[in-house]
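Each chain, letter by letter, is given below.
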Amino acid sequence: MGRWPGSSLYYEVKVLGFDAKSQLYTVIYKDGTELELKEQDIKSASGFQTRSRSRSRSPGRRRSRSRSPGRTTRRSSSRTAAAVAAAAITDSAPSSRRDTKLKDTVEVTLSPLPQAAENNSNNRHEKKEEKQKEDNNTSNKVNEKPEAKVQTESEKNQGRYNLRRRKDDGDTKPVEAKPEKEAKIAVAPAASTLSTPLDFGGKIGAYFWLLFLPAWVLFLILQVNLVDPSLVNFPPPLPPLEAFWDAQALGFVTLWILFQAVLYVLPVGKVSEGMPLRSGERLKYRTNGFFAIVVSAVAVAVMVHQDVDLTYIHSHFLQLATASFLISVLLSIYLYVRSRYVGQEQLALGGNSGNVIYDFFKGHELNPRIQDFDLKFFCEMRPGLIGWVGNATQNLCFKNIFQQGLDTPSNSMILVNLFQLLYVVDGLWNEEAILTTMDLMHDGFGFMLAFGDLVWVPFTYTIQAYYLVSHPIPLSLPAVIAIVILKIIGFYIFRKSNSEKNAFRRNPSDPKLSYLKTIHTATGKSLLVSGWWGVVRHPNYLGDLIMALAWSLPCGFSHLLPWYYMIFFIILLVHRDSRDMSECRRKYGSAWEEYCRTVRYRIIPHVY
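Residue positions are counted from 1 within each chain, in the order its sequence is given. Under the rules for a predicted model, residues below a pLDDT of 70 receive no local features and side-chain atom pairs below 80 are neither given nor counted, while totals for whole chains, interfaces and linings still include all residues. For side-chain calculations, the full set of non-hydrogen atoms in the structure is used, while hydrogens and water are omitted.

A. Region of the structure containing the packing of aromatic side chains. For Phe, Tyr and Trp, rings pair up if their centres lie within 6.5 Å, where Trp contributes its six-membered ring, and each pair is then called stacked (planes under 30 degrees apart), edge-to-face (over 60) or tilted (otherwise). On inspection of all chains with the given rule, the structure shows 41 aromatic pairs. On the numbers, 5.5 Å between centres and 35 degrees between planes, the contact of Tyr423 with Phe494 is tilted. Highlighted residues: Tyr423 in helix α11 (residues 411–429) and Phe494 in helix α15 (residues 477–506), separated in sequence by 71 residues. Plain terms: the ring middles of Phe447 and Phe451 are 5.3 Å apart, the flat faces sit at 20 degrees to each other, and that makes the pair stacked. Separated by 4 residues within a single helix, Phe447 and Phe451 lie in helix α13 (residues 447–460), roughly one turn from each other. Just as Phe447 is buried, Phe451 falls in that class too. Our definition puts a charge over a ring when NZ of Lys or CZ of Arg is within 6 Å of the ring centre and also within 35 degrees of the ring normal. Geometry around Tyr285 places Arg369 over its ring, the cationic atom sitting 4.8 Å from the centre. Note on conventions: DSSP H or I runs of at least 4 residues are helices, E runs of at least 2 residues are strands, and numbering of each starts at the N terminus. Throughout this description, buried means an accessible area under 20% of the type-specific maximum (1.4 Å probe, protein chains only), exposed means over 50%, and partly exposed covers the range between.

Shown next, in the form of structure tokens:
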């Protein structure tokens, strides 16, 4: 039996796991609500009994109380509530309670757990009263199923809330008076692990994505090289095996990552604190991404001045992708091996399934670090993201000039590069905001993020620019203006909504945010229903979607391939919204339902 936080009501629970660091048990109630409870809030059902009470204050009509010496003296209001609660959960009980037979019952308490001092005083009073009314005990028992759930009127609005008890630094095990027959504490196995529901298709899905993601990147690169990159030409012809490997390309990728690592560790820029972990710790991060991209741009300018052939990236695109893939695999293996030697509190809930392949794919350790060098944060924001525009995309402009015999890149190439450059620069300028995202807060660092950061971002997000090198699309001035306006609208929604979310997550009590409306939840957190978050669900995704459309329009409609990012983002949006909705319903219960009624507009209707 687990006590519902904020009350003294006990319901039947199943213990899912135990966190040795926080000393909290993860339990699940009959309605699917998951909570984290302390040891003293979990007891065996055999230690509880329920006795009905009359609503009358008359001593002659007052029901006798349980013999448990831990019970405190009740006021009439408590007796009334107990009677109402007992009636609500006893569906099979007869209308005449005097004829109800004595059966195994569960104690329902509506007052806070008493302190030891109160118990000593109350026990003497209870024993005296119980002795006087011992003959009436049998007729006053209430037949109740142990698994029945008490739900008073005050609880209906929070019946599905997922509550996490806050940690009390000075919390010690309370002194409880011993009942005549001491209740046993339900203890979970010490070796049990905490995890969250598996996503991406679970364990079988992990095998699929490990094979599909590299194959899809290879398909895009080979397909975009065709004179006619139409899907009717699938599959694209495979080049000889030696075309995939180039030692110089591996050296180039390695030097690029090391160069970004040096910029990351330099004592330049702000040191920011991440969000609190399960242990309460807040990690520190060097957020100097804007400095890194400026230095990288200067390095590119120097190479241009020195007449370095920047078309190397275009001509060795496949070999560079292969080298990056190799590095991501080696990094993923290292991350999984080192995660086997860290404590449970350092593991990611989502990548702690116990299945080697799934945990390798999803990420076993939450925040792998070498001293103060955070591997996940570095890979998320530096080599792949800056490489996307700082090297790959910008260098494709030069190939466009040389191959088409132009004095300057085409309008379509300029728009694609400027739009994506603005997106990346904005992300690095507001680098601190990534610390409140799902990737940093919840996802472990494994193959999924390592491959995504080092291979997926720099070699698939550049497909549009790569396509325009061989398939230039002329754009009229009105078309350019319309696409620019569309981009500005999407960027404004994206930046404004993300700024609201980040500021609110970091300090909800900030006076500057007092104008924002919220819905309070039983977890202690609040749901934002003001600003852009009161207009549409996930407005940041809406801004992203509009920007993706602006990136794709300069490529025209001759082929589906340059619309890949748009299609991919919609699929990603469906997955993320689906996962978010499931998680939010579990965490916030009826508060989330209220949020959905308040914010009705949605981006992908069938997701909800």
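Next, the rest of the story.
B. Structural detail: the sheet that holds strand β4 (residues 24–29). We call two strands paired when DSSP finds no fewer than two bridges between them. Strands sit in the order β3-β4-β5 across an open sheet of 3 strands; the sheet is antiparallel. The open sheet has two edge strands, β3 (13–19) and β5 (34–37), and neither has a second partner. Across this sheet, the average inter-strand angle for adjacent strands is 30 degrees, counted without regard to direction. Bridging between β3 and β4 involves 6 bridges; their strand directions are antiparallel. Bridge pairing links Val15 to Val27 in β4. Note on geometry: axes are lines fitted to C-alpha atoms, helical ones only across the stretch in contact, with angles between N-to-C directions running from 0 to 180 degrees.

C. Structural view of the pattern of salt bridges. Criterion for a salt bridge: a side-chain nitrogen of Lys or Arg within 4 Å of a carboxyl oxygen of Asp or Glu. Summed over the entire model, instances satisfying the criterion amount to 9 salt bridges. Residues Glu432 and Lys270 are paired through a salt bridge, measuring 3.3 Å at the closest nitrogen-oxygen approach. A residue pair is termed long-range when its members are at least 10 positions apart, and Glu432 in the loop between α11 and α12 (438–441) and Lys270 in strand β6 (residues 270–273) qualify at 162 residues. Close ionic contact of Arg495 with Asp426 constitutes a salt bridge, the shortest N to O distance being 2.7 Å. Placement of Arg495 in helix α15 and of Asp426 in helix α11 is noted, with a sequence separation of 69 residues between them. Classification of Arg495 by relative accessible area gives buried; the value is 16%.

D. Region of interest: the UniProt feature "transmembrane region" (unreviewed entry) in the protein chain. UniProt positions are given in the numbering used here, feature names are shortened, and annotations may be inferred rather than shown by experiment. Under the local residue numbering, the UniProt record ascribes the feature "transmembrane region" (unreviewed entry) to residues 206–227, 247–266, 287–305, 317–337, 445–469, 475–494, 515–536 and 548–574. Secondary structure content for residues 287–305 is 89% helix and 5% strand, while the C-alpha to C-alpha distance between its ends is 30 Å. Structurally, residues 475–494 is divided into 90% helix and 0% strand, and its ends, taken at the C-alpha atoms, are 26 Å apart.

E. Representation of the side chain of Asp439 in the model. Following the sequence through the fold, Asp439 ends up in helix α12. Judged by relative accessible area, which is 13%, Asp439 ranks as buried. Residue contacts for Asp439: discarding those within four places in its chain leaves Lys376, Glu380, Leu449 and Arg576. The contact definition used throughout considers only heavy atoms, calling two residues in contact when any of these lie within 4.5 Å.

F. Representation of the side chain of Arg369 within the structure. Tracing the sequence through the fold places Arg369 in strand β8 (residues 369–370). In this structure Arg369 comes out as buried when scored by relative accessible area, which is 15%. Once you skip the residues sitting within four places of it in the chain, Arg369 turns out to touch Leu283, Lys284, Tyr285, Arg338 and Asp374.

G. How the structure looks around the nonpolar core. One finds Phe377, Trp388, Phe445 and Trp456 to be the most contacted residues of the largest nonpolar core, which totals 96 residues. Counting residues per element, this core draws most heavily on α13, which supplies 10 residues. All domain edges in this entry derive from an automatic or database-based domain assignment. Here this core gathers at least three residues from each of two domains, domain 2 (206–474) and domain 3 (476–607). Residue contacts for Phe445: discarding those within four places in its chain leaves Leu331, Leu335, Gly363, His364, Glu365, Leu366, Pro368, Leu375, Lys376, Cys379, Ala450 and Asp453. Among buried residues, the Ala, Val, Leu, Ile, Met, Phe, Trp, Tyr and Cys ones that are joined through side-chain atoms within 4.5 Å form a nonpolar core.

H. Inspection of unusual backbone geometry at higher detail. Cis geometry is adopted by the peptide bond preceding Pro235, which originates at Phe234 and carries an omega value of -5 degrees. Here Pro235 lies in the loop between α3 (202–224) and α4 (247–265). The phi angle at His538 is positive, at roughly 55 degrees, despite the residue not being glycine. Tracing the backbone through its elements, the reader meets His538 in the loop between β11 (526–528) and α16 (539–552).

I. Structural view of the packing of α11 against α15. Viewed as axis vectors pointing N to C, α11 and α15 meet at an angle of 10 degrees, and their least axial separation amounts to 12 Å. As far as their axial angle goes, α15 and α11 are roughly parallel. Contact residues: α11 offers Asn411, Leu415, Phe419, Leu422, Tyr423 and Asp426, while α15 offers Val480, Ile483, Val484, Lys487, Phe491, Phe494 and Arg495. Ten residues, namely Ala, Val, Leu, Ile, Met, Phe, Trp, Tyr, Cys and Pro, are considered nonpolar, four, namely Asp, Glu, Lys and Arg, are considered charged, and the remaining ones, Gly among them, are considered polar. Its residues assigned to classes, the contact of α11 with α15 shows 9 nonpolar, 1 polar and 3 charged. For classification purposes, an angle smaller than 35 degrees is called roughly parallel, one larger than 145 roughly antiparallel, one from 65 to 115 roughly perpendicular, and anything else oblique.

J. Fine view of the pairing of β4. Where burial is concerned, most of β4 is hidden: 5 out of the 6 residues are buried. Counted between consecutive antiparallel strands, the loop separating β3 from β4 contains 4 residues, among which Gln23 sits at a positive phi close to 60 degrees. Bridge count for β4 against β5 is 4 bridges, and the pairing is antiparallel. Across the sheet, Thr26 pairs through a bridge with Glu36, a residue of β5. Here β4 folds back onto β5, and the loop between the two strands holds 4 residues, one of which, Gly32, carries a positive phi near 95 degrees.

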